[in-house]
Amino acid sequence: MKLLGNVDFLKSPTAIKFSAFIFISVSFFYLGKHWSDGSRQLIFFSRQSPTKTTPSLASVAYSPNLNKEFNISALINTTEPETGPKPAGSVNSKENSVSVSEPAAPPPPDRIKSYGIVDENGTMSDEFEIGEFDPDLVENWGNGTEIEAETEKEDVRVTFRVKKFGLCKENMREYIPCLDNVEAIRRLKSTERGERFERHCPEKGKGLNCLVPAPKGYKPPIPWPRSRDEVWFSNVPHTRLVDDKGGQNWIARGKDKFKFPGGGTQFIHGADQYLDQISKMVPEITFGNHIRVVLDVGCGVASFGAYLLSRNVITMSIAPKDVHENQIQFALERGVPAMVAAFATRRLPYPSQAFDLIHCSRCRINWTRDDGILLLEVNRMLRAGGYFAWAAQPVYKHEEALEQQWKEMLNLTTNLCWNLVKKEGYIAIWQKPFKNSCYLSREAGTSPPLCDPDDDPDNVWYVDLKACISRLPENGYGANVVPWPARLQMPPDRLQSIQIDSYIARKELFKAESKYWNEIVASYVRALHWKKFKLRNVLDMRAGFGGFAAALIDNQLDAWVLNVVPVSGPNTLPVIYDRGLIGVMHDWCEPFDTYPRTYDFLHAAGLFSIERKRCNMSTIMLEMDRILRPGGRVYIRDSLDVMDELQDIAKAMGWHPSLRDTSEGPHASYRILTCDKRLLRG
């Protein structure tokens, strides 16, 4: 205080210098703020070295990157070293440079080879050269995908921009790539066993490279449960089924809607009455208890499965894309689980012992052909102790040809050790044995034989049908599932047979996955208001043990989930079915067997970081767009290094993406990409 009160001190040279320093600092601060706010300008000062003809000059210039933004991460470790000397002098521009005097032009530097669109001064340029690349690394040029590849010769990264995808032709509104491949179907040597209804995917480079358009007048689907009984005509504008099956109480057309009375070819008085009849025939068939997962073969518009939902039974309804080609599309529009699939020459993409009951009502399948190979496929998928219900003319009609078919069916089922539990009216119900003892006690040479011990009944992807009986596990795995709903959270026995690298107890891994997804879905319900979403048809693209689907049930979301197990990972489908859920094996490098616009919500956790090693990410994204309904949502939970490309592809498809942090926070290596597919693209 004495020092500050001393007038002599204020007059001293030290105080004067200190005051001048503060004044100059404040002046520069306000000047800098005045010239820099909102403009992102950087000012460079440079001095030229004096030459014989040019004195030493100072110049001032604005950055050439004024008002420009760059993705800095794309430039790190990719720049080529300079091959010539740095240019002398300042960087001048007629528009934005300030110079004391005009210096003479320096000698031109050696030309720098550019491998990109940023020149040696950091400015954007249209003049660039593409470095060497390996053409084999570039896939699907036509779809405009951004591909990054490094050659083995040089550390050169070649980048292709993501173009905006256009709409496909009008005649592709119902396009299913692997089932509508006309060229491949024409090349088939034979179609007598239904080969034309199986998968024949487009060749590499000829896949989907456009956005499948919706029908004119498409509306948001009618929400469940109203959709069980009616759907918009404009969403599935096809009347063939009305003409063919209207008299059997399948479907009827109103003014602007299709109505579904709930009937079928063999149950024209309604599915509820039909289900009651089955339960009375065999009291052990307790829907929603021991009978939880059902397969309906030749399902029509899936009224059988639709009415089972109210009894806590989930049904996989399947039918081929045949003359009644839109039946599966109607089923999915109603909000009922369904897939396009056919009994032909290959195994269906479902595991062994998957279904508690398999149902066929006038499904037009010759079960006894080729030594019963199709019924043997039913036997593979039917759980030990499960039931097969057959409602068909040979059961009750007394015509000679039909009686012969019934006799052949009895002989075949007897050799399969099936027990005819009940035959009443037009329905016959068999039960599969619990153990192999009956098979082993048959006479030598009895047909069909047991499959070889090394045959894997869960190996289903592009595997031909086998005319043999799939063996049941000697340890009873698959037969001892607990009743619903306890089986949803009970670690099943077959968990021990899954081929996975597990460093902890498998039951603990199962419980940990369930808890993980339960917490995540609960947070989605709280923070993102999932119960306000119109979630009905959900596809989990990498399902694991089915924890995400189980979490939706635990959080009381009125939706069903088709759990997809990619071929690139362990086959966990047996565990999914033992939990009382449904799923399918699939390779995401190929299209999925469903109609366009059939799912409200697509969930992909850790999918792209794995599949990008096998195929182009835009191939998967375009397929997702095809099967996603307008107004639908996508949640992609994956590593940070795939998110930039996924966002670019999403924007190119007209989606509206948003990148979110996970619960681990902004420094986690994972992110959540949420996308909306709007009703109107743009």
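- With an unreviewed UniProt entry as reference, the chain is termed Methyltransferase, source organism Theobroma cacao.
- For the record of the chain, the UniProt heading Sequence similarities (unreviewed entry) holds the text "Belongs to the methyltransferase superfamily."

1. Section: the state of the cysteines
Then comes step 1: Throughout the structure, instances matching the rule amount to six disulfides.
Then comes step 2: Between the sulfur of Cys589 and that of Cys615 lies a disulfide, 2.3 Å long from S to S. On the S-S bond that ties Cys589 to Cys615, the torsion sits near -80 degrees, and the link is left-handed. Note that Cys589 is positioned in the loop between β18 (582-586) and β19 (599-605) and Cys615 in the loop between α16 (608-611) and α17 (617-627), a separation of 26 residues in sequence.
Then comes step 3: Look at Cys615 and you get buried, because its relative accessible area is 10%.

2. A few points about the sheet that holds strand β8 (residues 257-259)
Then comes step 1: Read from one edge of the open sheet, three strands run β6-β8-β7, paired in antiparallel fashion. Two strands close off the open sheet at either side, each with one partner strand: β6 (230-232) and β7 (252-253).
Then comes step 2: Bridge count between β7 and β8: two bridges; the pairing is antiparallel. Looking at the pairing, Ala252 lines up with Lys259 of β8.

3. Some points on the sheet that holds strand β11 (residues 338-340)
Then comes step 1: The strand order across the open sheet built from seven strands is β11-β10-β9-β12-β13-β15-β14, with neighbouring strands paired in mixed fashion. Looking at which strands have only one partner, the edges of the open sheet turn out to be β11 and β14 (419-424). The mean angle between the axes of side-by-side strands here comes to 20 degrees, regardless of whether they run parallel or antiparallel.
Then comes step 2: Relative to strand β13 (residues 382-391), strand β12 (residues 355-361) runs parallel, the two being bridged by six bridges. Each residue of the ladder has a partner; that of Phe355, found in β13, is Leu382.
Then comes step 3: Here helix α6 (residues 271-281) sits on the sheet in contact with β12, β13, β14 and β15 (427-431), set at roughly 50 degrees to β15.
Then comes step 4: With respect to the sheet, helix α11 (residues 400-415) is in contact with β13, β14 and β15, its orientation differing from that of β15 by roughly 15 degrees.

4. Section: the pattern of salt bridges
Then comes step 1: Scanning the model with the defined rule gives 34 salt bridges in all.
Then comes step 2: Residue Lys259 is joined to Glu230 by a salt bridge in which the shortest nitrogen-to-oxygen separation is 2.7 Å. One end of the pair, Lys259, is in strand β8; the other, Glu230, is in strand β6, with 29 residues separating them in the sequence.
Then comes step 3: In this structure Lys259 comes out as partly exposed when scored by relative accessible area, which is 35%.
Then comes step 4: A relative accessible area of 12% means that Glu230 is categorised as buried.
Then comes step 5: A salt bridge links Asp272 to Arg311; the nearest nitrogen and oxygen atoms lie 3.2 Å apart. Of this pair, Asp272 sits in helix α6 while Arg311 is found in the loop between α7 (303-308) and β10 (314-319), placing the two residues 39 residues apart along the sequence.
Then comes step 6: Since its relative accessible area comes to 21%, Arg311 is described here as partly exposed.
Then comes step 7: Among the ionic contacts, a cluster of salt bridges with common partners joins Asp356, Arg383, Arg487, Arg494 and Asp578.

5. Overview of the packing of helix α9 (residues 369-381) against α11
Then comes step 1: The geometry of α9 relative to α11 is characterised by a closest axis approach of 11 Å and an angle of 60 degrees between their N-to-C directions. Between α9 and α11, the angle falls in the class oblique. Helix-helix and strand crossings are classified by hand; for α9 and α11 the assignment is right-handed. Contact residues: Asp371, Gly372 and Leu375 in α9; Met409, Leu412 and Thr413 in α11.
Then comes step 2: Split into classes, the residues belonging to the contact of α9 with α11 amount to three nonpolar, two polar and one charged.

6. Brief notes about α17
Then comes step 1: With ten of eleven residues buried, α17 is to be regarded as a mostly interior element.
Then comes step 2: Along α17, the residues classified as buried are Met617, Ser618, Ile620, Met621, Leu622, Glu623, Met624, Asp625, Arg626 and Ile627.
Then comes step 3: Where α17 is buried, its residues touch β16 (537-540), β19, α16, β20 (628-639) and α18 (643-652).
Then comes step 4: Near the N-terminus of α17, the side chain that reaches the backbone nitrogen of Ser618, with its oxygen 3.2 Å away, is that of Asn616.

Conventions we followed
- Residues numbered from 1 in each chain as written.
- Predicted model: local features only at pLDDT ≥ 70, side-chain atom pairs only at ≥ 80, totals over all residues.
- Heavy atoms only, no water.
- UniProt positions renumbered as here; feature names shortened; annotations may be inferred.
- Disulfide = S-S within 2.5 Å.
- Helix = DSSP H or I, 4+ residues; strand = E, 2+ residues; numbered from the N terminus.
- Buried < 20%, exposed > 50% of the residue type's maximum accessible area, 1.4 Å probe, protein only.
- Pairing = 2+ DSSP bridges.
- Axes fitted to C-alpha atoms, helices over the stretch in contact; angles between N-to-C directions.
- Contact = heavy atoms within 4.5 Å.
- Salt bridge = Lys/Arg side-chain N within 4 Å of Asp/Glu carboxyl O.
- Parallel < 35°, antiparallel > 145°, perpendicular 65-115°, else oblique.
- Left-handed = near helix turned anticlockwise from the far one by under 90°.
- Nonpolar A, V, L, I, M, F, W, Y, C, P; charged D, E, K, R; others polar.
- Polar contact = N/O pair within 3.5 Å; in protein donor to acceptor, adjacent residues only side chain to side chain.

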